[in-house]
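# Coordinate inspection notes
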Amino acid sequence: MDLNLTGHTALITGAASGIGKAAAAVMAAEGARIILVDLDKDGVNAAAAQLRPAADGMPHAAVSADLSTAEGVESAMREALAAGSVDIFVSNAGTCEWRSLDQLTDADWHTTFDLNFMALVRAVRFLLPGMRERRRGSIVITSSDLARQPEVSPADYQVAKAGLLVMTKVLAMEASPHIRVNAVAPGPVWTPLWSRPGGIADNLARVHQRPPEEAVEYELSQRHLPLRRIGKPEEVAKVIAFLASDAAAFVTSSVYGVDGGSVRSLL
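All of the points below concern the structure found in this document.

Parameters at a glance
- Residues numbered from 1 in each chain as written.
- Predicted model: local features only at pLDDT ≥ 70, side-chain atom pairs only at ≥ 80, totals over all residues.
- Heavy atoms only, no water.
- Helix = DSSP H or I, 4+ residues; strand = E, 2+ residues; numbered from the N terminus.
- Rg over C-alpha atoms; globule rule 2.2 N^0.38 Å.
- Buried < 20%, exposed > 50% of the residue type's maximum accessible area, 1.4 Å probe, protein only.
- Contact = heavy atoms within 4.5 Å.
- Areas by Shrake-Rupley, 256 points an atom, 1.4 Å probe, with all protein chains shown as cover.
- Lys, Arg positive; Asp, Glu negative; His and termini not counted.
- Charge placed at Lys NZ, Arg CZ, Asp CG, Glu CD.
- Axes fitted to C-alpha atoms, helices over the stretch in contact; angles between N-to-C directions.
- Parallel < 35°, antiparallel > 145°, perpendicular 65-115°, else oblique.
- Nonpolar A, V, L, I, M, F, W, Y, C, P; charged D, E, K, R; others polar.
- Left-handed = near helix turned anticlockwise from the far one by under 90°.
- Phe/Tyr/Trp six-rings, centres within 6.5 Å; stacked < 30°, edge-to-face > 60°.
- Lys NZ or Arg CZ within 6 Å of the ring centre and 35° of its normal.

Bringing the overall build of the protein into the picture now. Of the regular secondary structure elements, the protein holds nine helices and seven strands. Computed over C-alpha atoms, the radius of gyration of the protein comes to 18 Å, within 12% of the 18 Å expected from 2.2 N^0.38 for 267 residues, which places it in the range of a compact globule. Seen along its three principal axes, the alpha-carbon backbone of the protein occupies a region of about 50 × 35 × 35 Å. Across the 267 residues that make up the protein, the buried fraction comes to 52%. Put simply, 74% of the contacts in the protein that link residues at least 6 apart link residues at least 24 apart. Accessible area of the protein: about 12,400 Å², with a carbon and sulfur share of 54%. Across the protein, the mean location of the 25 positive side-chain charges is 5 Å away from that of the 30 negative side-chain charges.

Below, the structure is given as structure tokens:
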């Protein structure tokens with residue numbers, strides 16, 4: 001399917017690695033101009049340099065900012081918008097630390113919500129007015145299968161991701177009829193969130209008392225994934241690109257599970 005993103009500018013947060021980086025690559029290949037935003041300055045610059053040139057000749061851009069603060073979001077949005085309008089926003093930045101409920105402090109909750117939830121809220125304040133003025137826009141929010149089917153922990157991450165699903169519904173109504181808002185809810189996907197030192201794989205190793213790779217396999221077996229494997233970033237990225245494009249012109253307020261079948265409920 002040709003998604004025909006030529007002439008569109010997509011701003012993607014958390015774009016230096018994982019799902020965000022893959023989404024940038026897929027959407028650039030479909031012709032879009034990409035603005036990549038991430039705290040990792042070297043990583044986001046490298047990701048931007050690897051992209052296929054936009055079909056309309058507009059240069060891609062890399063923005064380094066700390067989206068866990070209001071000041072960081074404002075700086076990133078102003079820098080991004082200085083180069084022109086944005087009609088696609090992929091809110092993907094997030095963090096996850098594996099802590100039990102009794103280990104979580106108030107500061108931990110605030111830290112998790114600032115990046116996983118408030119970064120979206122703050123960015124939308126800057127991007128939505130321009131989309132409304134142009135009567136065109138698409139927003140795709142990265143949530144998680146854990147927002148729909150919670151596990152024991154980490155509670156702060158799961159609650160923040162559930163909040164994103166509520167925001168998807170609210171924003172879809174507020175921004176209608178010219179701006180579409182959808183969410184993807186990935187299941188286990190092999191990204192730095194899992195693979196980095198201290199990431200989910202290392203935390204599962206501690207919980208299950210097994211080496212990291214064995215711990216991940218054991219965790220997936222406990223979740224009874226029908227596809228029996230961990231996902232790839234590009235598999236989520238392709239769904240994000242579809243939702244952002246006019247191929248999904250009649251899709252809004254939806255949550256697309258890209259989870260290998262991890263969510264077993266009907267609704």
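What follows continues from the structure just given.
A few words on the packing of helix H7 (residues 200-208) against helix H8 (residues 212-223). Taken N-terminus to C-terminus, the directions of H7 and H8 make an angle of 80°; their axes are 8 Å apart at the nearest point. The orientation of H7 with respect to H8, classified from their angle, is roughly perpendicular. Residues Ala 201, Asp 202, Leu 204, Ala 205 and His 208 of H7 form the contact with H8, whose own contacting residues are Pro 212, Ala 215, Val 216, Tyr 218 and Glu 219. The class makeup of the residues in the contact of H7 with H8 is seven nonpolar, one polar and two charged.

Looking at where Ser 91 falls in the secondary structure, it is placed in strand E4 (residues 88-91). Take Ser 91: its relative accessible area is 9%, and that puts it in the buried class. When neighbours within four sequence positions are excluded, Ser 91 is seen to be in contact with Thr 13, Leu 120, Val 140, Ile 141 and Thr 142.

Here we come to the packing of helix H4 (residues 106-134) against helix H5 (residues 155-175). Interaxial distance between H4 and H5 falls to 9 Å at its minimum, and their mutual angle equals 15°. Judged by the angle between their axes, H4 and H5 are roughly parallel. In the packing of H4 onto H5, the handedness of the crossing is right-handed. Contact residues: Asp 108, Trp 109, Thr 112, Phe 113, Asn 116, Phe 117, Leu 120, Val 121, Val 124, Leu 128 and Arg 132 in H4; Ala 155, Asp 156, Tyr 157, Val 159, Ala 160, Lys 161, Gly 163, Leu 164, Met 167, Leu 171, Glu 174 and Ala 175 in H5. A class-by-class count of the residues in the contact of H4 with H5 yields 15 nonpolar, three polar and five charged.

Mapped onto the secondary structure, Phe 113 falls in helix H4. Residue classification places Phe 113 among the partly exposed positions, given a relative accessible area of 24%. For Phe 113 and Thr 95, which are 18 residues apart along the polypeptide, the C-alpha to C-alpha distance reads 9.3 Å. For Phe 113, the contacting residues outside a window of four places in its chain are Met 118, Asp 156, Val 159 and Ala 160.

A word on the environment of Val 73. Relative to the assigned elements, Val 73 resides in helix H3 (residues 70-82). C-alpha separation for the pair Val 73 and Ile 179, spaced 106 residues apart in sequence, amounts to 21 Å. With residues up to four places along the chain from it excluded, the contact list for Val 73 reads Asp 66, Leu 67, Ala 119, Arg 122 and Ala 123.

On to the packing of aromatic side chains. Considering all chains together, one arrives at three aromatic pairs under this definition. Following the ring pairs from residue to residue traces out a cluster consisting of Trp 109, Phe 113 and Phe 117. Above the ring of Tyr 218, the side-chain terminus of Arg 210 is found at 4.0 Å from the ring centroid.

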